[in-house]
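Breakdown of the fold
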Amino acid sequence: MTAHDPVPTRGFTGRARAADRDPRLPPGQYDARDTWPVLSAEVTPRLDAADWTLRVGGLVARPRTWTWAEAHALPPSRYAGDIHCVTSWSKFGVRFGGVSLDTFLAGAGGPLPAATHVVAYAHTGYTANLPLADVTGGRAWIVWEYDGEPLPPEHGGPARLIVPHLYFWKSVKWVAGLELLDHDEPGFWEKNGYHHRGDPWREERYAGD
Amino acid sequence: MTETTSGAFVPPTAFAVPGRIAVNEQAAARWQQGLITEIRQETHAAATFRLKVPDWQGHLPGQHLMLRLTAPDGYVAQRHYSLASAPDGSGEIELTLDHVPGGEVSGHLHTVARVGDTVEVRGPLSGFFAWPGDRPALLLGAGSGVVPLMSMVRHHRRAGLTVPLRLIVSARTRADLIYADEYGAETEVVLTRAEGRLTARHLAPHLGAGQPDGGWEAYVCGSNGFAEHASRLLVEGGQPVDRIRIERFG
Ligand SMILES: Cc1cc2nc3c(=O)[nH]c(=O)nc-3n(C[C@H](O)[C@H](O)[C@H](O)COP(=O)(O)OP(=O)(O)OC[C@H]3O[C@@H](n4cnc5c(N)ncnc54)[C@H](O)[C@@H]3O)c2cc1C
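Residues numbered from 1 in each chain as written. Chains lettered and ligands numbered in written order. Predicted model: local features only at pLDDT ≥ 70, side-chain atom pairs only at ≥ 80, totals over all residues. Heavy atoms only, no water.

1. Some thoughts on helix α2 (residues 104-111) of chain B
Residues and elements named next belong to chain B. We count it as follows: Exposure categories follow from relative accessible area, calculated using a 1.4 Å probe and restricted to protein chains: below 20% of the type maximum is buried, above 50% is exposed, and the middle band is partly exposed. Runs of H or I in DSSP of at least four residues are treated as helices and runs of E of at least two as strands, each being numbered from the N terminus. Should any heavy atoms of two residues lie within 4.5 Å, those residues are counted as being in contact.
Most of α2 sits inside the fold, with seven of its eight residues counted as buried. All buried positions along α2 are accounted for by Glu104, Val105, Ser106, Gly107, His108, Leu109 and His110. Those residues of α2 that are buried are in contact with β1 (32-41), β2 (46-52), β3 (64-70), β4 (76-82), β5 (92-98) and β6 (118-125).

Here it is in structure tokens:
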């Protein structure tokens with residue numbers, strides 16, 4: 001809850017804009033157009049694809065780990081659409097290629113009935129928490145391609161998670177695995193004051209929003 | 001710092017740099033009016049804006065806030081800005097903004113805003129880049145990336161801290177150097193047009209045998225290009241990766 005409606009700022013008109021705001025833009029966001037800002041808080045790891053692995057563990061029927069080659073042998077899936085960062089930029093019509101997270105979950109025998117949440121974690125140790133429902137049903141991917149090219153290291157390459165319907169800090173770069181839990185456990189930014197869910201359309205930026 | 005409770009999931013991966021402090025969630029959620037009480041030109045491109053925020057809950061050096069501007073038709077633009085001032089309980093805070101060419105928010109503040117105007121702010125935000133003044137700190141900044149680091153330097157002086165603090169700040173030329181008159185013995189300035197960018201040579205005296213007991217907490221702030229370069233130099237110089245905190249301005 002933000003306590004009051006925005007108060008007009010003397011003399012501020014804002015950037016020239018179309019009469020109708022682009023319907024793809026959630027509240028408080030602006031269009032970053034050709035830029036793709038990098039905001040990670042840790043040192044960008046030099047991680048070879050050959051050393052990359054993805055583990056799906058915790059409350060699944062058969063916890064398992066995939067290598068780069070094994071992950072690439074899975075049926076490919078793409079995301080084409082928009083992404084939204086909590087720092088206020090959005091980017092329209094981006095294209096990522098990889099494998100649906102549903103495919104990895106199925107490969108681990110599927111979630112056990114008790115599973116309600118996941119912690120996604122990076123090879124750097126960065127973490128983000130997500131309700132299981134936000135990463136199943138075709139809403140999350142493990143991706144290694146951006147615009148048909150290998151995903152650059154500073155954007156999470158060799159591979160990252162994307163959960164594009166939530167603010168992008170949930171889309172863990174250099175993803176190493178997902179742990180399914182029977183409860184919610186705050187991740188890196190969530191412990192640092194960020195919202196637990198992070199829905200851009202409800203402007204869930206910080207705890208208390 | 002919110003420590004994880006026992007039995008919490010710990011990823012098998014190494015680092016997970018913990019936040020330095022617990023964040024006040026109520027302060028972070030509330031928009032407050034900030035009255036501009038002073039505008040000081042720092043360089044040809046950067047200016048400091050002093051805001052009176054009567055209910056400011058206090059901050060730690062390194063934290064930032066969200067600032068928003070609202071047009072008559074309700075259109076809103078909001079951006080993050082680091083706190084430049086040290087925590088001082090005065091109910092006033094300072095921000096230093098680069099005038100980004102064509103920038104919507106920095107452009108307004110640099111060309112339209114004047115003393116007596118109000119803007120809205122919420123914060124302080126994020127405990128990750130905060131420095132409570134407890135551990136030795138090695139600060140690397142470039143351009144307006146020096147802003148949160150200056151808050152640390154000011155806090156160190158104001159509170160008379162003795163914990164080691166070093167700042168290496170780079171700017172294109174002396175004319176581009178923000179806070180040029182304020183640096184003391186703790187600071188080394190790198191002027192990149194004349195001497196080239198930051199190198200391992202600048203860091204070497206502080207790393208290895210040159211580091212204080214218990215080592216440094218390193219804070220890196222600036223553009224993504226600078227952050228990538230400086231953090232890489234730190235790692236190559238032996239600074240542990242889990243003791244490097246990076247704030248990228250995007
Ligand atoms: C944690 C954090 C702390 C920060 N602290 C500071 C600080 O202390 N000091 C500081 O100066 N900055 C800081 N920044 C950067 C700051 O948040 C803004 O990104 C910066 O001020 C630029 O915002 P702007 O509205 O002026 O420019 P924007 O309007 O965002 O534009 C940025 C650039 O993109 C171009 N552009 C983007 N969209 C359009 C469009 N639709 N039409 C035309 N042009 C466009 C602009 O011409 C401009 O060159 C910080 C950022 C972060 C994330």
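Once the structure has been displayed, the description carries forward.
2. A look at the UniProt feature "domain: FAD-binding FR-type" (unreviewed entry) in chain B
What counts here: UniProt positions are given in the numbering used here, feature names are shortened, and annotations may be inferred rather than shown by experiment.
In the numbering used here, UniProt assigns the feature "domain: FAD-binding FR-type" (unreviewed entry) to residues 29-131 of chain B. Summarising residues 29-131 of chain B: 9% helix, 45% strand, and an end-to-end C-alpha distance of 22 Å.

3. Quick notes on the pattern of salt bridges
All names here are of chain B. Test applied: The rule for a salt bridge is simple: a side-chain nitrogen of Lys or Arg has to be within 4 Å of a carboxyl oxygen of Asp or Glu.
The final tally for this structure, using the stated rule, is 29 salt bridges over all chains. With its nearest N and O atoms 3.4 Å apart, the salt bridge here joins arginine 30 to aspartate 55. On the criterion of sequence distance, the pair formed by arginine 30 in the loop between α1 (25-29) and β1 and aspartate 55 in the loop between β2 and β3 is long-range, its members being 25 residues apart. The closest approach of N and O atoms between glutamate 92 and lysine 52, which form a salt bridge, is 4.0 Å. Taken together, the residues span a long stretch of sequence, with glutamate 92 in strand β5 and lysine 52 in strand β2 at a distance of 40 residues. Judged by relative accessible area, lysine 52 falls into the partly exposed class, the value being 37%. Shared partners join several salt bridges into a network, and the residues in it are Glu38, Arg40, Glu42, Arg50, Lys52, Glu92 and Glu94.

4. Comments concerning the confidence of the model for chain B
Atom-level detail of predicted coordinates should not be read off regions where pLDDT is low. Operational definition: pLDDT: the predictor's confidence for each residue, scored from 0 to 100.
Taken as a whole, chain B shows an average pLDDT of 91; of its residues, 91% reach a score of 70 or greater. Segment residues 1-6 of chain B is flagged for pLDDT under 50; beyond a separation of four residues in sequence, or across chains, it makes eight contacts in the model.

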